[in-house]
Amino acid sequence: MAQPSTVSPATLLKDELDIVIPTIRNLDFLEMWRPFFQPYHLIIVQDGDPSKIIKVPPGFDYELYNRNDINRILGPKSSCISFKDSACRCFGYMVSKKKYIYTIDDDCFVAKDPTGKDINALEQHIKNLLSPSTPFFFNTLYDPYRDGADFVRGYPFSLREGVPTAVSHGLWLNIPDYDAPTQLVKPLERNSRYVDAIMTIPKGTLFPMCGMNLAFNRELIGPAMYFGLMGDGQPIGRYDDMWAGWCTKVICDHLGLGVKTGLPYIWHSKASNPFVNLKKEYKGIYWQEELIPFFQSVTLPKDCTTVQQCYIEISKQVKAKLSKVDDYFNKLADAMVTWIEAWDELNPSGAKSAELSKVASK
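Read on for a plain summary of the structure. (Residues numbered from 1 in each chain as written. Predicted model: local features only at pLDDT ≥ 70, side-chain atom pairs only at ≥ 80, totals over all residues. Heavy atoms only, no water.)

**Things to note about the overall build of the chain**
Helix and strand counts for the chain come out as twelve helices and nine strands. By its C-alpha atoms, the chain is 50 × 50 × 45 Å across when sized along the principal axes. Taken across its 362 residues, the chain has 52% of its residues classed as buried. By sequence separation, contacts in the chain at least 24 residues apart represent 75% of the contacts at least 6 residues apart. Here the chain displays about 16300 Å² of accessible surface, and carbon together with sulfur accounts for 55% of that area. In the chain, the 40 positive side-chain charges and the 42 negative ones have mean positions that sit 1 Å from each other. (Helix = DSSP H or I, 4+ residues; strand = E, 2+ residues; numbered from the N terminus. Buried < 20%, exposed > 50% of the residue type's maximum accessible area, 1.4 Å probe, protein only. Contact = heavy atoms within 4.5 Å. Areas by Shrake-Rupley, 256 points an atom, 1.4 Å probe, with all protein chains shown as cover. Lys, Arg positive; Asp, Glu negative; His and termini not counted. Charge placed at Lys NZ, Arg CZ, Asp CG, Glu CD.)

Structural data, given as structure tokens:
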């Protein structure tokens, strides 16, 4: 069997992980997560009216940021953070000082596995992040680093060490993460299929990343986790996590990092209104037919050796090639640059290492 992590992941990362939650409401849902989340630090990003008081159950260690805080901390660069959209969560990624991030929506509850046991989603994400990924060659037994699995016959020994895992993408029971047209034609559909599998998404393959049950290594890929310009004043919504996922996957492929999907599951409790969703999504549904080929064709120069350099290069290509789709992409490309500038201002050590890497590559 390939070597799994032998250290208790929950113990190991208690002081190395922040949980980021975007919300417009009281966080009563945390009571259900208390056994799993209470040891960790929470970053709550309040969307909407900043004068509204958000109640957090007692006993949690947290900091809360509203729009006034975002404007105060970022100044003019706050324009890159979406308003009236859960895309605002990425501000929490920026202000965190931890190595790892787990982000979850406030309508996501603890799911149960087929034996009826509560699923500790956070612990599984940590296990995923602490074990390698295998993006260069697909293992037909899925994740070879799990207990009871290994590399199958014919798997190259030269690739069995794997690569560092940057992203762990979890799934959902009950309400599936469907787009509005699918919601409309399948209003009663619920996901009850628990698939006990984790797999690495192969290099060169894009995927639709959902932000409601997601963990990542902030030090490896954090600056790429920008959730774009969505919501208030923008022509599109509900593509924030998709945009971040496409950019992140292209950069992970370039830098030799891995992305896993599968376990853990959460229980997604609330179906959003498909008619409201359709108004938010309809341009994205058209645009994605050009966005996907764009990301499939993006190539990054060899001298792009940091996430920041890669992300700035993608922003240039967005402006050059997607502005013909809609002028919105000019605005988005500018916001991508602003995001990186703001990230480096709040995380100067990361900016310094990026600059050192740039010098070293010359």
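**Things to note about the pairing of strand β4 (residues 100-104)**
Judged by how many residues are buried, β4 sits mostly within the fold: five of five residues are covered. The alternating pattern of β4 places Tyr 100, Tyr 102 and Ile 104 on one face and Ile 101 and Thr 103 on the opposite face, and all of these are buried. Where strand β1 (residues 17-23) lies against β4, four bridges are found, and the strand directions are parallel. When the sheet's bridge partners are listed, Ile 19 is paired in β4 with Tyr 102. Direction of pairing for β4 relative to strand β8 (residues 213-217): antiparallel, over a ladder of five bridges. What sits directly across from Ile 104, in β8, is Asn 213. (Pairing = 2+ DSSP bridges.)

**Observations regarding the pairing of strand β2 (residues 41-46)**
Among the six residues that make up β2, six are buried, leaving the element largely enclosed by the rest of the structure. Bridge count between β1 and β2: six bridges; the pairing is parallel. The partner of Ile 21 across the bridge, within β2, is Ile 44. Assessed by its sense of winding, the connection that carries the chain from β1 through helix α2 (residues 30-37) to β2 is right-handed. In this sheet, strand β3 (residues 61-65) lies alongside β2 in parallel orientation, the contact comprising five bridges. Bridged to His 41 within β3 is Asp 61. (Right-handed = clockwise from strand over helix to strand, strands pointing away.)

**Points about unusual backbone geometry**
Pro 264 follows Leu 263 through a cis peptide bond whose omega is 10°. Turning to its location among the elements, Pro 264 is positioned in strand β9 (residues 258-268). Positive phi values are uncommon outside glycine, yet Tyr 142 reaches one of about 65°. Mapping Tyr 142 onto the fold places it in the loop between α5 (121-130) and β6 (165-174). For Tyr 142, a relative accessible area of 38% gives the class partly exposed. Of note in this structure, Arg 238 is not a glycine but carries a positive phi near 65°. Tracing the sequence through the fold places Arg 238 in the loop between α7 (218-221) and α8 (240-255). We classify Arg 238 as partly exposed; its relative accessible area is 24%.

**A closer look at helix α3 (residues 67-74)**
Among the residues making up α3, those that are buried are Arg 67, Asp 69, Ile 70 and Leu 74. One face of α3 carries all of its buried residues, which in axial projection span an arc of 160°. Close packing links the buried residues of α3 with β2, β3, α4 (90-95) and α11 (328-346). The distance from a side-chain oxygen at the start of α3 to the backbone nitrogen of Asn 68 is 2.9 Å, and the residue carrying that oxygen is Asn 66. Gly 75 lies just past α3 and shows a positive phi near 60°. (Arc of directions from axis to C-beta. Polar contact = N/O pair within 3.5 Å; in protein donor to acceptor, adjacent residues only side chain to side chain.)

**Concerning the pattern of salt bridges**
Going through the model one piece at a time under the given rule, you end up with 15 salt bridges. Put simply, Asp 106 and Arg 25 hold a salt bridge, and the shortest N to O gap is 2.9 Å. Linking Asp 106 in the loop between β4 and β5 (108-109) with Arg 25 in the loop between β1 and α2, this pair joins segments that are 81 residues apart in sequence. Residue Asp 106 is classed as buried on the basis of its relative accessible area of 12%. With its nearest N and O atoms 2.9 Å apart, the salt bridge here joins Arg 146 to Asp 196. (Salt bridge = Lys/Arg side-chain N within 4 Å of Asp/Glu carboxyl O.)

**Looking at the nonpolar core**
Ranked by size, the top nonpolar core spans 66 residues in total, and within it Ile 221, Tyr 226, Trp 243, Tyr 311, Ile 314, Phe 329 and Trp 339 carry the most contacts. For this core, the element with the highest residue contribution is α11, accounting for ten residues. Apart from residues no more than four positions distant in its own chain, Trp 339 is found in contact with Cys 80, Ile 81, Cys 90, Met 94, Gly 222, Pro 223, Met 225, Tyr 226 and Tyr 311. (Core = buried A, V, L, I, M, F, W, Y, C linked by side-chain atoms within 4.5 Å.)

**Here's the deal with the environment of Lys 279**
Looking at the secondary structure, you find Lys 279 in helix α9 (residues 274-297). For the pair Lys 279 and Met 230, spaced 49 residues apart in sequence, the C-alpha separation works out to 13 Å.

**Section: the packing of helix α10 (residues 307-322) against α11**
Remark: α10 packs on α11, axes separated minimally by 8 Å, with the N-to-C direction vectors making an angle of 165°. In terms of axis orientation, α10 runs roughly antiparallel to α11. Of the two possible hands of crossing, α10 and α11 adopt the one that is left-handed. Taking contact as the criterion, the partners of Gln 308, Tyr 311, Ile 312, Ile 314, Ser 315, Val 318, Lys 319 and Leu 322 in α10 are, on α11, Phe 329, Asn 330, Ala 333, Asp 334, Met 336, Val 337, Trp 339, Ile 340, Trp 343 and Asp 344. A class-by-class count of the residues in the contact of α10 with α11 yields twelve nonpolar, three polar and three charged. (Axes fitted to C-alpha atoms, helices over the stretch in contact; angles between N-to-C directions. Parallel < 35°, antiparallel > 145°, perpendicular 65-115°, else oblique. Left-handed = near helix turned anticlockwise from the far one by under 90°. Nonpolar A, V, L, I, M, F, W, Y, C, P; charged D, E, K, R; others polar.)

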